[in-house]
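Commentary on secondary and tertiary structure
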Amino acid sequence: MLRTLRIANFALIDELEIDFAPGLIALTGETGAGKSIIVDALNAALGERVTSDAIRGGADRANVEAVFDLADAPAAHAAAEGAGIAAGDGRISLTRTIASGRSYYRICGEPSTMADLRAIGEHLADIHGQHEHQSLIHERSHRHFLDAFGGPEHLALLEHFGETWGELREARRRREKLATDERTRAQRLDLLRYQVQELDDAGLSPDEDDELAAERERLMHYEKLRDGLIAAWDALHGEDESGGAVEQLRVAQNSVDELAKIDAKLAPAAEALLDAVSQADDAARAVRAYLETLEEDPERINEVEARLNLIAGLKRKYGDSVRHMLQFREQAQAETDELEGAEQSAGELGGRIEALEQEAGRRAEALSQVRRELGEQLAQRVEEELRPLGMDRARFEVAVEADADEQGLPDAEGRRWAADSGGIDRVRFMLSANPGEALKPLASVASGGELSRVMLVFKSICAAGSAVPTIVFDEVDANIGGHTALAVAEKLVAVSGWAQVLCITHLPQIACHADTHLQVSKSVEGDRTFVAVAELTGEERVSEIARMMGQSDTATTARSNAAEMLAEATRTRERVRGASGQQLRLTER
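As a starting point, this report considers the structure included with it. None of the values given here were measured: they were computed from a predicted structure.

1. Re the packing of aromatic side chains
In this structure the tally under the stated criterion is 3 aromatic pairs. Plain terms: the ring middles of Phe-161 and Trp-165 are 6.2 Å apart, the flat faces sit at 20° to each other, and that makes the pair stacked. Of this pair, Phe-161 and Trp-165 both sit in helix α4 (residues 142-178), 4 residues apart, which is roughly one turn of that helix. Trp-165 carries the same exposure label as Phe-161, and that label is buried. Ring geometry for Phe-396 and Phe-429: centres 5.5 Å apart, planes at 50°, overall tilted.

Encoded structure:
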């Protein structure tokens, strides 16, 4: 849900920060107070196109930041991860800076692009009014709405088809890889066989290069090693009167050991000297043993150099170490085996692909049949739900169509249809808002207010129709009043039980049903205009409802009527949410 919206130097707004709660939020105020500017700012943060005209007069740039909680937005969370953005605290901020001629984008404080902003933003908020950022006008979302209306059993059918489709795509991918041009395959096989043979002839062993390099160092420094070790041996076991270090340590140890019998405090020193004698003697033995194995071997130096040169030449082609070259050899052998068995594999894959196409075709047909039945049910429900919302003569239809494609999935009659992971169906919502008008695609015939009411119906019918957790209605109350307004208010309450709903309204019947009431006001100081937002509670809210009823906000009767309207709205909220078992998913403020 939307947690915070920060706006600076955007249109009439100089600086504004708004915190949002769960449930139904009403934004009210006089015409021209700046309510729609707030929605425009949110649209800008979500990546909708704006011009430099959005910058407040006298400023060089505008800035908008929207902070969302991702707890109920798994699709947005996945989109963020896909863009390489980590939202470790469960929140994500979308920031847009609009300067003269261009915009700058940041996600969670890091520089980003409009494409990433939109990819994430479309899963965070649906805005309905005179704006692009609404899912209902995009036909690609219609199939998703219809599938959501079908419920768990239908979604299970869709999942089963998706599994078969995934297997089919993988099998086709493998066949395409194997169906490489024969000449190219032969050339590749010749290269691979040569590479495998060259590495096999070299008879490499893991870490051989490191071991040979160490041996070369020993052979090249034979004299230095010999002279140094002889000197070390003489120092440890000298043949002069004083003896070597070992003998002198032994004398010292014997002396201190005798003295420790007089004073026990010398015992640790005696023990340390005993250890030193042992270690020095061990070192002398190790030096002597190494000396006995040390031999000068010019021929071996030449052999090692030749071997290292061979390995260096292979490294330039196959890897920077013997281990990497051996891994390359295994990969080359595996590809060789695959290409040598290409004809047999292609034949096996062909049979599997044919079987998968038939299975996917059967499942797609079954899915399509269910969708057509669901479409009729959904159309009837939508028409019924639209009647009390001031669209009593509207007609709605769900068109479920398919496009022919020679490479598509076959049906029972052998015809083939274009398909994707959702089946073969292309779903379009058709609407006739007024009597005598032909059914046309929804986006081309519905006004902003009508589209908002259709979306409101969809959201109330199939709560899972969109994974978007925040819904904004800008014109849902256009050209309605009376009982129609109350019906719209009840629908808004129902939807706000599972999603956060922001509604800009001029109707008291809608505003009084809100869980949170925000008043937008405009003031003039000097020659500048300023916009402010305040949350209304208690008597302030009563006054605003009275004003919206077209009465004096100080008249006793008007305030009494407003208070009664608010009390009745509270009872309606409890009834609507109680009847459907709804609870506000987020209750903290």
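2. Focus on the nonpolar core
In terms of nonpolar packing, the biggest core is built from 59 residues, with Leu-136, Leu-378, Phe-429, Phe-458, Phe-473 and Leu-492 touching the most fellow members. Not counting the four nearest positions on each side in its chain, Leu-136 is found in contact with Ser-141, His-142, Phe-145, Phe-429, Leu-442, Leu-451, Val-454, Met-455 and Phe-458. The next biggest cluster of nonpolar side chains, apart from the first, holds 49 residues, and it includes Ala-44, Ile-98, Val-472 and Val-520.

3. A look at the pattern of salt bridges
All told, the structure shown has 44 salt bridges when counted by the stated rule. Residues Arg-172 and Glu-357 are paired through a salt bridge, measuring 2.7 Å at the closest nitrogen-oxygen approach. In this pair, Arg-172 is assigned in helix α4 and Glu-357 in helix α12 (residues 342-386), connecting sequence segments 185 residues apart. Side by side, Arg-172 and Glu-357 carry an identical accessibility label, which is buried.

4. Remarks on the sheet that holds strand β12 (residues 426-432)
Taking strand neighbours across the sheet as the criterion, the 3 strands line up as β9-β12-β13 in an open arrangement whose pairing is antiparallel. With partners counted over all chains shown, the strands left at the sheet margins are β9 (395-401) and β13 (440-441), one partner each. Note: β12 against β13, 2 bridges, orientation antiparallel. Bridge pairing in β13 places Met-430 opposite Pro-441. Against the sheet, α4 engages β9 and β12, with an angle of about 90° to β12.

Definitions and limits used
- Residues numbered from 1 in each chain as written.
- Predicted model: local features only at pLDDT ≥ 70, side-chain atom pairs only at ≥ 80, totals over all residues.
- Heavy atoms only, no water.
- Phe/Tyr/Trp six-rings, centres within 6.5 Å; stacked < 30°, edge-to-face > 60°.
- Helix = DSSP H or I, 4+ residues; strand = E, 2+ residues; numbered from the N terminus.
- Buried < 20%, exposed > 50% of the residue type's maximum accessible area, 1.4 Å probe, protein only.
- Core = buried A, V, L, I, M, F, W, Y, C linked by side-chain atoms within 4.5 Å.
- Contact = heavy atoms within 4.5 Å.
- Salt bridge = Lys/Arg side-chain N within 4 Å of Asp/Glu carboxyl O.
- Pairing = 2+ DSSP bridges.
- Axes fitted to C-alpha atoms, helices over the stretch in contact; angles between N-to-C directions.

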